[in-house]
Amino acid sequence: MTTMASSWLTLKTCSNLNAKAPLFKYSFAHDPSYPSYISSKTSISLNTQHIMASKSDLIVSFGEMLIDFVPTVSGVSLAEAPGFLKAPGGAPANVAIAVTKLGGKSAFVGKLGDDEFGRMLAGILKDNGVGIDGIKFDQGARTALAFVTLRADGEREFMFYRNPSADMLLTADELNLKLIKSAKVFHYGSISLIVEPCRSAHLKAMEVAKEAGALLSYDPNLRLPLWPSAKEAREKIMSIWEKADVIKVSDNELEFLTGKEVSDEAALSLRHPNLKLLLVTLGEKGCSYYTKDFHGKIPGFHVKTIDTTGAGDSFIGALLCKLVRDDSILKDEAKLKEVLKFACACGAITTTKKGAIPALPVESEVQALLKS
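Bear in mind that the values here come from a model prediction, so they are computed numbers and not experimental data. (Residues numbered from 1 in each chain as written. Predicted model: local features only at pLDDT ≥ 70, side-chain atom pairs only at ≥ 80, totals over all residues. Heavy atoms only, no water.)

For this particular structure, what's the right way to read empty space enclosed by the protein?
Using a probe with the size of a water molecule, rolled over the atoms, empty space left in the structure can be pinpointed. Summed over all chains, the structure comprises four cavities of 30 Å³ or more. Considered as a void within the structure, the second largest cavity measures approximately 60 Å³ in volume. Residue lining of the second largest cavity: E64, R162, D167, M168, I191, S192, I194, V195 and C198, and that is the complete set. Here the lining of the second largest cavity is built from residues that sort into five nonpolar, one polar and three charged. (1 Å grid on protein atoms, 1.4 Å probe; cavity = no way out; pocket = protein on both sides within 12 Å on 5 of 7 lines; lining within 4 Å. Points joined across faces, edges and corners; volume = space filled by probe spheres on them. Nonpolar A, V, L, I, M, F, W, Y, C, P; charged D, E, K, R; others polar.)

Set out below in structure tokens:
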């Protein structure tokens, strides 16, 4: 929904930061792009039809969805930004929408605040064809906010407002187990491992999906500011490592998890006996891939980068969209290389616009880049 990236928000800091009220009071100026369905008094129908898709093609994504605030100008720190644009985000939600924008079928499992932002985000998922029967709304906690910027030195800077946010409060009893059991691919990150009760909900969802025969896809999506310490982040991320069939890490995450510089040796140290595919994304340099039978590298695409937020989510969403239709990709290197080239193109296109979800490409955009 590209209109989300152009919506303006007026922010005023609340005086009581410890209350379970929003950390910001928010009001919208006259804005025709602001959807009417987001009123917290309006119920959103959770009767999405396509989530009953056959087990052969449904990708279920578990975790957080939030509002990203992106500076109105590029190359500045958060403190230097003159203003911000709001854009829907959250890695698991980004992946779910990446799948549907490429013609696949997906559903999202998570918790949002029973507030204007939460209803807006659920509406965005629905408008993008993502099944929302797995969403719960919390009346006591707000939808999470994140401020994200790509500084002039190329480093991303994050500031999160979760005190706690609704996504942290999802319980195992609130899981839509029927939906999770219907997935052929179950995708998740690590942010939902940070605190209870969401951690237990995450572990339960993984267990149910695995028992039902789903392929488990893991993108840790490291966000150190959210963790109590780097040590705890590393331990909890690795605590579920051997459950996954497909794992994607960035080059920075590879260094964090192994304590080594990016190399084949470092990547191979993260393999486990049941892992079908390990991917290391390398930004504009493309990606490396590792299976038990072969490994190699796919070059990246040269584009004018504006905002890298969501590029990795676009990449993994594209891979899963292809994989769910043909799992022989995991054993056929030629097929895998073609799919990863497609996924790299998706990630590259996503960096050419501000925000994550508004920048996720459709098939025609990807084919145009591949042909250029």
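Is there a simple way to explain the sheet that holds strand β7 (residues 131-138) in this structure?
Across a sheet, strands are paired by hydrogen bonds formed along the backbone, either parallel or antiparallel in direction. Taken together, the nine strands give an open sheet; going across it, the order is β7-β6-β3-β10-β11-β12-β13-β14-β15, and neighbouring strands pair in mixed fashion. Strands with a single pairing partner mark the edges of an open sheet, and in this sheet they are β7 and β15 (295-298). With strand direction ignored, the average angle separating the axes of adjacent strands in the sheet is 15°. Here five bridges tie strand β3 (residues 58-62) to strand β6 (residues 105-113), and the two strands are oriented parallel to one another. Along β6, the bridge assignment pairs F62 with V109. Where helix α4 (residues 198-211) meets the sheet, its contacts fall on β3, β10 (185-188) and β11 (215-218), and the angle it forms with β10 comes to roughly 160°. (Pairing = 2+ DSSP bridges. Helix = DSSP H or I, 4+ residues; strand = E, 2+ residues; numbered from the N terminus. Axes fitted to C-alpha atoms, helices over the stretch in contact; angles between N-to-C directions. Contact = heavy atoms within 4.5 Å.)

I tried to follow the environment of Y289 on my own but got confused; where do I start?
Note on placement: Y289 falls in strand β14 (residues 287-290). Spatially, the C-alpha atom of Y289 lies 4.7 Å from that of L279, the residues being 10 residues apart in sequence. Contact partners of Y289, with chain neighbours within four places excluded, come to L277, L278, L279, F294, H295, G296, K297, I298, E333, L336, K337 and L340. A polar contact of 2.6 Å, which involves the side chain of Y289, links it to the side chain of E333. (Polar contact = N/O pair within 3.5 Å; in protein donor to acceptor, adjacent residues only side chain to side chain.)

Would you explain the layout of surface pockets in this entry?
Counted as a void, the second largest pocket has a volume near 220 Å³. Lining the second largest pocket, in full, are R271, P273, N274, L275, K276, T291, K292, D293, D327, L330 and K331.

What's the story with the pairing of β10 in this structure? I'm lost.
Each regular strand displays side chains that alternate between the two surfaces of the sheet. Residues V185 and H187 point to one face of β10 and F186 and Y188 to the other, with burial holding for every one of them. Strand direction decides the pairing type here: β3 and β10, joined by four bridges, are parallel. Pairing of I59 across the sheet is with V185, part of β10. Sheet analysis places β10 next to β11, joined by four bridges and oriented parallel. Opposite F186, over in β11, you have L216 as the bridge partner. Handedness of the β10-α4-β11 crossover: right-handed. (Buried < 20%, exposed > 50% of the residue type's maximum accessible area, 1.4 Å probe, protein only. Right-handed = clockwise from strand over helix to strand, strands pointing away.)

Hey, could you run me through helix α6 (residues 251-258) in this one?
For an α-helix, the turn length of 3.6 residues means that residues three or four places apart are oriented alike. Listed as buried for α6 are E253, L254, F256, L257 and T258. Following α6 by one or two positions, G259 has its phi on the positive side, about 75°.

How should the side chain of K101 be read in this particular structure?
Positionally, K101 belongs in helix α1 (residues 91-101). Summary of buried charges: K101 has no salt-bridge partner, and the nearest side chain of opposite charge, E365, is 5.7 Å away. Only 2.6 Å separates the side chain of K101 from the backbone oxygen of L360, close enough to count as a polar contact. Beyond its immediate stretch of four places on either side in the chain, K101 contacts N128, I357, P358, L360, P361, V362 and E363. (Lys, Arg positive; Asp, Glu negative; His and termini not counted. Salt bridge = Lys/Arg side-chain N within 4 Å of Asp/Glu carboxyl O.)

Just checking my understanding: could you explain the pairing of strand β12 (residues 246-250) for this structure?
Judged by how many residues are buried, β12 sits mostly within the fold: five of five residues are covered. Burial of β12 is two-sided: the residues V246, K248 and S250 facing one way and the residues I247 and V249 facing the other way are all buried. Here β11 pairs with β12 via two bridges, running parallel. Across the sheet, residue Y218 finds its bridge partner in β12, namely I247. Alignment of β12 against strand β13 (residues 277-281), held across five bridges, turns out to be parallel. If you follow I247 over to β13, its bridge partner there is L278.

Just checking my understanding: could you explain the nonpolar core for this structure?
Nonpolar side chains tend toward joint burial in soluble globular proteins. Within the largest apolar cluster, 49 residues are counted, with the highest numbers of intra-cluster contacts made by F62, F186, Y188 and Y218. Take this core: its biggest share by element is five residues, from α4. Look past the residues within four positions of Y188 in its chain and what remains in contact with it is F62, H202, M206, L216, S217, Y218, D219, I240 and A244. Ranked by size, the runner-up nonpolar core spans 36 residues in total, among them I329, V339, C344 and C346. (Core = buried A, V, L, I, M, F, W, Y, C linked by side-chain atoms within 4.5 Å.)

Where do I start with the pattern of salt bridges in this structure?
Opposite charge on two side chains lets them pair, provided their charged atoms get close. If you walk through the whole model with that rule in mind, you get 12 salt bridges. The shortest N-O distance in the salt bridge between K111 and E174 comes to 3.1 Å. Taken together, the residues K111 in strand β6 and E174 in the loop between β9 (156-161) and α3 (177-181) connect sequence positions 63 residues apart. Judged by its relative accessible area of 6%, K111 is buried. Residues D167 and R162 are paired through a salt bridge, measuring 2.7 Å at the closest nitrogen-oxygen approach. A relative accessible area of 7% means that D167 is categorised as buried. Residue R162 is classed as buried on the basis of its relative accessible area, which comes to 17%. Each member of the salt-bridge network shares a partner with another, and the members are K111, D138 and E174.

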